[in-house]
Amino acid sequence: MLTKTAGMDSDSMKKSYHESPERIHEIIMLRDIYEGLLPPRQKQVAYLKFDEDLSLSEIAQRLGISRQGCDDAVRRCVRALYSYEHKLGFMKQLARIEHALELAENMDHTNWQDMRERILKVLKDARAGGETVDGV
Amino acid sequence: MAVKIRLKRMGAKKRPAYRIVVADSKTQRDGRSIEEIGYYDPTTDPVTFKVHEERAISWLDKGAIPTPTVKTIFRRAGVIEKWQEARSSRDKSQGNN
């Protein structure tokens, strides 16, 4: 039987959140960063879905809405989060900061020159906001 | 009372870490759980997780339902496979008697 996905753009939307733990982790990181921009209902549904790890029917039951309504809200939320990241890129910046911190933590008297160069490169990339330093 | 095996979020904002817990499906995420049977930390590279196999298999036997995320973790930890093997060998031995 064919299922229609009217309103959804492609396979990427069909698989928007029923995926690996890594994918869920990514969505949760985005949610932690952009939470304040989400409308209340999406925020609530995202919390129950991704933080509480509830199923759609459990969420529907808890909020007194339909299962389909939950599914739509979760999909809209995931789409919004990726769109915020695409426009603002805070998660990417956070990853760069984490990387620089990790390098700084691993710096010692034997490798400090190499580490210094690498940290500076990461920070310059972060300042350039996605563009490579040479490419600006 | 439906019993589920789900993730319980710990850690901090932007630094999530989880425990794998057995809980009644009606309790809150960080609320009371029946038992903790492992952990999952997605912030490390590679991802780290630990599952108490014996307890997980025992709960699956009792009919506890893992959420899709937990199921994936179990599958990676080889728990689902062991559970299915144990079940089929038990069925066989029961069939022989």
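This is a predicted model, so every value here is computed, not measured.

A.B. asks: Can you tell me about the overall build of chain A, naming the residues and giving the values?
C.D. replies: In terms of helices and strands, chain A carries 7 helices and 0 strands. Helices (α) and strands (β) of chain A occur, in sequence order from the N terminus, as α-α-α-α-α-α-α. The 136 residues of chain A split such that 38% are buried. Across chain A, the fraction of contacts at a sequence separation of at least 24, relative to all contacts at a separation of at least 6, is 55%. Of the accessible surface of chain A, which amounts to about 8400 Å², a share of 55% is contributed by carbon and sulfur atoms.

A.B. asks: Got a sec to walk through the domain arrangement of chain A? Specific residues and values, please.
C.D. replies: Splitting chain A by domain gives domain 1 (10–88) and domain 2 (91–128). Between domain 1 of chain A and domain 2 of chain A, the C-alpha centre-to-centre distance is 32 Å.

A.B. asks: An account of the sheet that holds strand 5 (residues 65–66) of chain B is requested, with residue identities and associated values reported.
C.D. replies: Strand pairs in the sheet, formed through backbone hydrogen bonds, run parallel or antiparallel to each other. In spatial order, the strands read 4-3-2-1-5 (chain B); together these 5 strands make up an open sheet with mixed pairing. Single-partner strands in this sheet number two, and they are strand 4 (48–51) and strand 5 of chain B.

A.B. asks: Any chance you could break down the pairing of strand 2 (residues 15–24) of chain B for me, citing the residues and the numbers?
C.D. replies: All names here are of chain B. Burial within strand 2 is extensive, with 7 of its 10 residues counted as buried. Relative to strand 2, strand 1 (residues 3–12) runs antiparallel, the two being bridged by 10 bridges. For Val-3, the partnering residue across the bridge sits in strand 2 and is Asp-24. The hairpin formed by strand 1 and strand 2 contains 2 residues between the paired strands, and Lys-14 there has a positive phi angle of roughly 65°. Note that strand 2 and strand 3 (residues 35–41) share 5 bridges and pair antiparallel. In the strand pairing of strand 3, Val-21 is matched with Glu-36.

A.B. asks: Explain helix 5 (residues 67–88) of chain A to me, using residue names and the numbers behind them.
C.D. replies: Every α-helix winds through 3.6 residues per turn, so residues three or four apart in the chain are directed the same way. Residue and element names in this part refer to chain A. Taking 1.5 Å as the rise per residue, helix 5 with 22 residues should run 32 Å; its terminal C-alpha atoms sit 31 Å apart, in good agreement. Taken residue by residue, helix 5 has Cys-70, Asp-71, Ala-73, Val-74, Arg-75, Cys-77, Val-78, Ala-80, Leu-81, Tyr-84 and Glu-85 as its buried positions. A positive phi of about 65° marks Gly-89, the residue just after helix 5.

A.B. asks: I'd like a description of the packing of helix 3 (residues 40–51) of chain A against helix 4 (residues 56–63) of chain A, backed by residues and values.
C.D. replies: All names here are of chain A. Following both chains from N to C, one finds helix 3 and helix 4 inclined at 130°, their axes separated by 10 Å at the closest point. Viewed along their axes, helix 3 and helix 4 adopt a mutual orientation that is oblique. As helix 3 runs across helix 4, the sense of the crossing is right-handed. Here Arg-41, Gln-44, Val-45, Leu-48 and Lys-49 of helix 3 come into contact with helix 4, specifically with Leu-56, Ile-59, Arg-62 and Leu-63.

A.B. asks: Summarise a nonpolar patch on the surface; cite the residues concerned and give the values.
C.D. replies: Together, A:Leu37, A:Leu88 and A:Phe90 make up a nonpolar patch on the protein surface, roughly 290 Å² of accessible area in all. A relative accessible area of 48% places A:Leu37 in the partly exposed class.

A.B. asks: Account for the environment of A:Cys70, with residues named and values stated.
C.D. replies: Its place among the elements puts A:Cys70 in helix 5. Each C-alpha atom, one on A:Cys70 and one on A:Gln42, is 8.9 Å from the other, the two residues being 28 residues apart in sequence.

A.B. asks: Go over the state of the cysteines with me, naming the residues and quoting the values.
C.D. replies: Residues and elements named next belong to chain A. Under the definition given, this model contains 0 disulfides over all chains. This cysteine, Cys-70, is not joined by any disulfide, and Cys-77 carries the nearest cysteine sulfur, 12 Å off. In this structure Cys-70 comes out as buried when scored by relative accessible area, which is 0%. Its relative accessible area of 1% is what places Cys-77 among the buried residues.

Calculation rules
Residues numbered from 1 in each chain as written. Chains lettered and ligands numbered in written order. Predicted model: local features only at pLDDT ≥ 70, side-chain atom pairs only at ≥ 80, totals over all residues. Heavy atoms only, no water. Helix = DSSP H or I, 4+ residues; strand = E, 2+ residues; numbered from the N terminus. Buried < 20%, exposed > 50% of the residue type's maximum accessible area, 1.4 Å probe, protein only. Contact = heavy atoms within 4.5 Å. Areas by Shrake-Rupley, 256 points an atom, 1.4 Å probe, with all protein chains shown as cover. Domains from an automatic or database assignment. Pairing = 2+ DSSP bridges. Expected span 1.5 Å × (residues − 1). Axes fitted to C-alpha atoms, helices over the stretch in contact; angles between N-to-C directions. Parallel < 35°, antiparallel > 145°, perpendicular 65-115°, else oblique. Left-handed = near helix turned anticlockwise from the far one by under 90°. Patch = residues over 30% accessible without salt bridge, like charges linked within 9 Å, V, L, I, M, F, W, Y side chains within 5 Å. Salt bridge = Lys/Arg side-chain N within 4 Å of Asp/Glu carboxyl O. Disulfide = S-S within 2.5 Å.

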